[in-house]
Structure formats: C-alpha cells, structure tokens
Amino acid sequence: MDNCLFCKIARGEIPSNKLYEDEELLAFYDIAPQAPVHFLVIPKKHIESCAAVTGENSVVVAKAFELIAKLTSELGITSFRVVSNCGEDAGQSVPHLHFHVMAGRPFTWPAG
Ligand code: 5GP
Ligand code: ZN
C-alpha cells in the first residue's frame, strides 16, 4: 500500500526504532509510548486490521504471537498486555494490522 504509514515503516522509507525484523514481521517501539515498554508488532504485508484476517493470511498472525512471546521473554517481561484496536471507534488510528505490546506498569480492566 503506497500511502500506508506502517507499510512505509516496513519498507524502511520511514525510520523506526526496530526491535526485530524478518521477511514477514517487524517489531518497533511506539513513537508515543503508553507504558515504560511499548512496542508494535506488524506484518510487513498490508492487512487492514483484525477484521481482515482470513484463512489466506492468518499464518502471519500466529507468527506475530510467537514473536511477542519470544521478544517479551528476551526482554525479561513476564507480565504484559497485547492490544489490537480494530476500527475507529476502538481507537485504531493506523489502518495496518498491529499488535501493541505494553509492559512496565499495572494495567486496569476493562480497557478504556
Ligand atoms: P492505533 O492507534 O492504530 O491502535 O496504534 C497506532 C500506534 O502507532 C500509536 O500508538 C502511535 O503512537 C503509533 N505511531 C503512529 N505513527 C508512528 C510512527 O511514525 N512511528 C512509530 N514508531 N509509531 C507510530
Ligand atoms: Zn500498510
């Protein structure tokens, strides 16, 4: 997607503070962290949101969760929150599937 912010970050056209990268996935720190640790995991291939996950593209979603387990373990994080906002009313501001991974403070429930 030419004009998608996270596609541009995935292509390296916009710089990011990367934690991990492979052919399919990128993890990078959020520019406006909402917790002491706050990074995003995205598929490099454009998927609009959780609502666009299908049998054709869901393998990368499973891989994203494997990566979240690996990175949190490597960072020594044992308690964390994973969030994916889907749609404007849920707070999605970038229409490219991403998982927020946040840690380092207590979180309340239900989420606001
Ligand atoms: P959403 O609001 O869609 O759930 O999450 C989008 C996230 O992307 C926000 O937490 C926002 O701070 C982050 N973000 C927006 N633009 C950039 C950017 O250019 N670089 C980085 N690293 N994060 C960004
Ligand atoms: Zn995109």
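Residues numbered from 1 in each chain as written. Chains lettered and ligands numbered in written order. Predicted model: local features only at pLDDT ≥ 70, side-chain atom pairs only at ≥ 80, totals over all residues. Heavy atoms only, no water.

(A) Region of the structure containing the coordination of the zinc ion (ligand 2). Coordination of the zinc ion (ligand 2) by the protein involves C4 (SG), C7 (SG), H46 (ND1) and H96 (ND1), with metal-donor separations of 2.1 to 2.3 Å. Coordination at the zinc ion (ligand 2) is tetrahedral: its four donor atoms span angles of 107 to 116° at the metal. (Donors = N, O, S within 2.8 Å, 3.2 Å for Na, K, Ca; no water. Tetrahedral: all angles 85-135°; square planar, octahedral: opposite > 155°, others 65-115°.)

(B) Up close: the pairing of strand β2 (residues 25-29). Taken across its five residues, β2 has four buried, putting it largely inside the fold. Where strand β1 (residues 18-21) meets β2, three bridges bridge the pair, whose relative direction is antiparallel. For E21, the partnering residue across the bridge sits in β2 and is L26. Hairpin geometry of β1 and β2 is characterised by an intervening segment of three residues between the two adjacent antiparallel strands. Pairing analysis gives five bridges linking β2 to strand β3 (residues 37-43), with the strands arranged antiparallel. In the strand pairing of β3, Y29 is matched with F39. (Buried < 20%, exposed > 50% of the residue type's maximum accessible area, 1.4 Å probe, protein only. Helix = DSSP H or I, 4+ residues; strand = E, 2+ residues; numbered from the N terminus. Pairing = 2+ DSSP bridges.)

(C) Representation of the site of ligand 1 within the structure. Around ligand 1, 16 residues are found, and the nearest of them are D30, N85, S93, H98 and H100. Take G91: an N or O atom from its main chain is 3.0 Å from an oxygen atom of ligand 1. When contributions to the shell around ligand 1 are tallied by element, the ones reaching two or more residues are α1 (5-10) and β2. The element that contributes the greatest number of residues to the shell around ligand 1 is α1, accounting for three residues. Its residues assigned to classes, the shell around ligand 1 comprises nine nonpolar, six polar and one charged. (Near = heavy atom within 4 Å. Polar contact = N/O pair within 3.5 Å; in protein donor to acceptor, adjacent residues only side chain to side chain. Nonpolar A, V, L, I, M, F, W, Y, C, P; charged D, E, K, R; others polar.)

(D) Layout of the packing of aromatic side chains. Evaluated as defined, the whole model comprises three aromatic pairs. On the basis of an interplanar angle of 85° and a centroid distance of 5.5 Å, the ring pair of F6 and F28 is categorised as edge-to-face. Here the residue F6 occupies a position in helix α1, and F28 occupies one in strand β2, the gap between them amounting to 22 residues. Neither F6 nor F28 differs from the other in exposure class; each is buried. Pairing F65 with F99 gives two aromatic rings, centres 5.0 Å apart and planes at 65°, and the pair type is edge-to-face. With a gap of 34 residues between them, F65 in helix α2 (residues 58-74) and F99 in strand β5 (residues 99-103) connect regions that are remote in the sequence. For F65, a relative accessible area of 41% gives the class partly exposed. Here F99 falls in the buried class, since its relative accessible area comes to 5%. (Phe/Tyr/Trp six-rings, centres within 6.5 Å; stacked < 30°, edge-to-face > 60°.)

(E) Summary view of the nonpolar core. Counting 14 residues, the largest nonpolar core has L25, A27, F39, V41, L67 and F99 as its most contacted members. Secondary structure elements with two or more residues in this core: β2, β3, α2 and β5. At six residues, α2 tops the list of elements feeding residues into this core. Aside from chain neighbours lying at most four places away, what touches L25 is Y20, V41, I42, P43, K44, V60, K63, A64 and L67. (Core = buried A, V, L, I, M, F, W, Y, C linked by side-chain atoms within 4.5 Å. Contact = heavy atoms within 4.5 Å.)

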